[in-house]
Amino acid sequence: EPEVTQTPSHQVTQMGQEVILRCVPISNHLYFYWYRQILGQKVEFLVSFYNNEISEKSEIFDDQFSVERPDGSNFTLKIRSTKLEDSAMYFCASSTTGGEQFFGPGTRLTVL
Amino acid sequence: SQQGEEDPQALSIQEGENATMNCSYKTSINNLQWYRQNSGRGLVHLILIRSNEREKHSGRLRVTLDTSKKSSSLLITASRAADTASYFCATDAGNRDDKIIFGKGTRLHILP
């Protein structure tokens, strides 16, 4: 069964460093999303992406964040200068036409 | 904003009993989904119910939706130890690329 994959599973970085989180959505899906979950809190929407552009972004998704679909298979989230409060689990999701979104296993980001 | 809020926040039951979790939301929706998350792991999609549906079954899961009350319930019958997890409802407005908004979740613990 096709699934969304994410790498790495755990990323540790120093405050101020750039990180790139990678996702491979399900191959025939057209809509892509990033969400995050701070430990013990609920899952929060960051950004949606369709047709090579951002469809919607939350207020969390500030200038330090960017997304890219560099080729036909990868979908990346870049944090330019990480802050302590960026420590969270980051989930990528994809869908065909909205509705059911399929989530990846997540990347745990730890900012020291 | 649309938001699913689950109740109770935590639930402990004996193995074999049924578990019922409720979700309320604020605005009109097109779809409501339930997800499961094992501790520190990814999100597993359980079931999607559309606004024109009132009840849906999947194995031991039964979901109801009452759009007049803006509420949904998830029933897990004949619970098993493996059902121990957090359960989230998530709502969307049904636009093709619409984000989904998660509630805070119910932590379900199945006692042996």
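What counts, and where the lines are drawn
Residues numbered from 1 in each chain as written. Chains lettered and ligands numbered in written order. Predicted model: local features only at pLDDT ≥ 70, side-chain atom pairs only at ≥ 80, totals over all residues. Heavy atoms only, no water. Buried < 20%, exposed > 50% of the residue type's maximum accessible area, 1.4 Å probe, protein only. Helix = DSSP H or I, 4+ residues; strand = E, 2+ residues; numbered from the N terminus. Pairing = 2+ DSSP bridges. Phe/Tyr/Trp six-rings, centres within 6.5 Å; stacked < 30°, edge-to-face > 60°.

Student: I tried to follow the pairing of strand 5 (residues 43-50) of chain A on my own but got confused; where do I start?
Tutor: Within a regular beta strand, the side chains point alternately toward one face of the sheet and then the other, so they alternate between its two faces. Residues and elements named next belong to chain A. A large share of strand 5 lies buried, amounting to six of its eight residues. When strand 4 (residues 31-37) meets strand 5, the two strands line up antiparallel, connected through seven bridges. Each residue of the ladder has a partner; that of Gln-37, found in strand 5, is Val-43. If you look at the hairpin formed by strand 4 and strand 5, you'll find five residues sitting between the two strands, and Gly-40 has a positive phi there, around 80°. Here four bridges tie strand 5 to strand 6 (residues 53-57), and the two strands are oriented antiparallel to one another. Paired with Tyr-50 across the strands is Glu-53, a residue of strand 6.

Student: Got a minute to help me understand the packing of aromatic side chains in this structure?
Tutor: This structure, assessed with the given rule, holds 14 aromatic pairs over all chains. When the ring of Tyr-35 of chain A is compared with that of Phe-103 of chain A, the centres are 5.2 Å apart and the planes differ by 45°; the resulting orientation is tilted. Separated by 68 residues along the polypeptide, Tyr-35 of chain A in strand 4 and Phe-103 of chain A in strand 10 (residues 102-103) bring together distant segments of the chain. Accessibility assignment for this pair places Tyr-35 of chain A and Phe-103 of chain A in one class, buried. Ring geometry for Tyr-35 of chain B against Phe-102 of chain B: centres 5.3 Å apart, planes inclined by 50°, an arrangement best described as tilted.

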